[in-house]
Amino acid sequence: EAQVTQNPRYLITVTGKKLTVTCSQNMNHEYMSWYRQDPGLGLRQIYYSMNVEVTDKGDVPEGYKVSRKEKRNFPLILESPSPNQTSLYFCASSSRVPTEAFFGQGTRLTVV
Amino acid sequence: GDSVTQMEGPVTLSEEAFLTINCTYTATGYPSLFWYVQYPGEGLQLLLKATKADDKGSNKGFEATYRKETTSFHLEKGSVQVSDSAVYFCALSYTGTASKLTFGTGTRLQVTL
């Protein structure tokens, strides 16, 4: 089954404690990206990757890091989380020509 | 820059009512247009798409027509069901190596019996 898997689904953490949200896809897609969803703002892109070892900033990259060492995985790293990063996060993947983006189920992060 | 504007929600309808969710866009080029749906507790799923002007996307009884002259991509369904209750997102993207989805803010639809 084609899918994008994110973990964890829910996470509560404290300010400043490094965390990683994992994302894996099984469709051999080149393109992967991270979005955050906030009420009244829709989804905003954080980072994207066009292929292994190729990443770039999206619209709201501050406070986040990513890596793409393997084609299937695209983890999101928060080195020092802050309360304004409390949000719902989605990983997505698509082929190079975007006919459809596949989304993970989301990670609800709360930073206290 | 590119942007997508959707009508404010929530939209509350009775079952079998007609649905319209408005979407307009601002684009520097010639994007593809999409409607994604998010059911409670789930990620987004593609509902339908249109890749050029005058194309009509359709799926599960939903339709939307790419109108270049009015820069619109309104979502319609003739008879909604309770199971259509979800958040609907309009989005645009360009074909290319740095493709990115630009989303509207989403419109919540609540369908009641």
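Residues numbered from 1 in each chain as written. Chains lettered and ligands numbered in written order. Predicted model: local features only at pLDDT ≥ 70, side-chain atom pairs only at ≥ 80, totals over all residues. Heavy atoms only, no water.

So, unusual backbone geometry
Backbone geometry follows two general trends: most residues other than glycine have a negative phi, and most peptide bonds adopt the trans configuration.
Moving on, step 1. A cis amide bond links A:Asn7 to the next residue, A:Pro8, at an omega of -5°.
Moving on, step 2. Look at the link from B:Gly9 to B:Pro10: it is a cis peptide, with omega at -5°.
Moving on, step 3. When you line up the elements, B:Pro10 lands in the loop between β1 (3-6) and β2 (11-14).
Moving on, step 4. Despite not being glycine, B:Asp54 shows a phi value in the positive range, around 75°.
Moving on, step 5. In this fold, B:Asp54 is placed in the loop between β6 (44-50) and β7 (56-59).
Moving on, step 6. Residue classification places B:Asp54 among the exposed positions, given a relative accessible area of 54%.
Moving on, step 7. At B:Thr71, a position not held by glycine, the phi torsion is positive, near 45°. (Helix = DSSP H or I, 4+ residues; strand = E, 2+ residues; numbered from the N terminus. Buried < 20%, exposed > 50% of the residue type's maximum accessible area, 1.4 Å probe, protein only.)

Considering the environment of A:Val112
Residues and elements named next belong to chain A.
Moving on, step 1. Positionally, Val112 belongs in the segment after β11 (107-111).
Moving on, step 2. Judged by relative accessible area, Val112 falls into the exposed class, the value being 56%.
Moving on, step 3. Counting along the chain gives 59 residues from Val112 to Glu53, while the straight-line C-alpha distance between them is 32 Å.

Brief notes about the pairing of strand β4 (residues 31-38) of chain A
Residue and element names in this part refer to chain A.
Moving on, step 1. Most of β4 is tucked away, with eight of its eight residues classed as buried.
Moving on, step 2. Bridge count between β4 and strand β9 (residues 87-94): seven bridges; the pairing is antiparallel. Note on β9: the bridge partner recorded for Ser33 is Ala92.
Moving on, step 3. Judged from the seven bridges that link them, β4 and strand β5 (residues 42-51) form a sheet pairing that is antiparallel. In the strand pairing of β5, Met32 is matched with Ser49.
Moving on, step 4. As consecutive antiparallel partners, β4 and β5 are separated by three residues, and within that stretch Gly40 has a phi angle of approximately 80°, a positive value. (Pairing = 2+ DSSP bridges.)

Quick notes on the state of the cysteines
Moving on, step 1. All chains considered together, the criterion is met by two disulfides over all chains.
Moving on, step 2. Across the disulfide, A:Cys23 is cross-linked to A:Cys91 (sulfur-sulfur distance 1.9 Å). Around the S-S axis, the bridge from A:Cys23 to A:Cys91 shows a dihedral of about -70° and counts as left-handed. Here A:Cys23, found in strand β3 (residues 19-25), pairs with A:Cys91, found in strand β9; they are 68 residues apart in sequence, far enough to count as distant.
Moving on, step 3. Through a disulfide, B:Cys23 is tied to B:Cys90; the S-S separation comes to 2.0 Å. Handedness of the B:Cys23-B:Cys90 disulfide follows from its S-S torsion of about -70°: it is left-handed. Residue B:Cys23 is located in strand β4 (residues 23-26), and its partner B:Cys90 is located in strand β10 (residues 86-93); the two are separated by 67 residues in the primary sequence.
Moving on, step 4. In this structure B:Cys23 comes out as buried when scored by relative accessible area, which is 1%. (Disulfide = S-S within 2.5 Å.)

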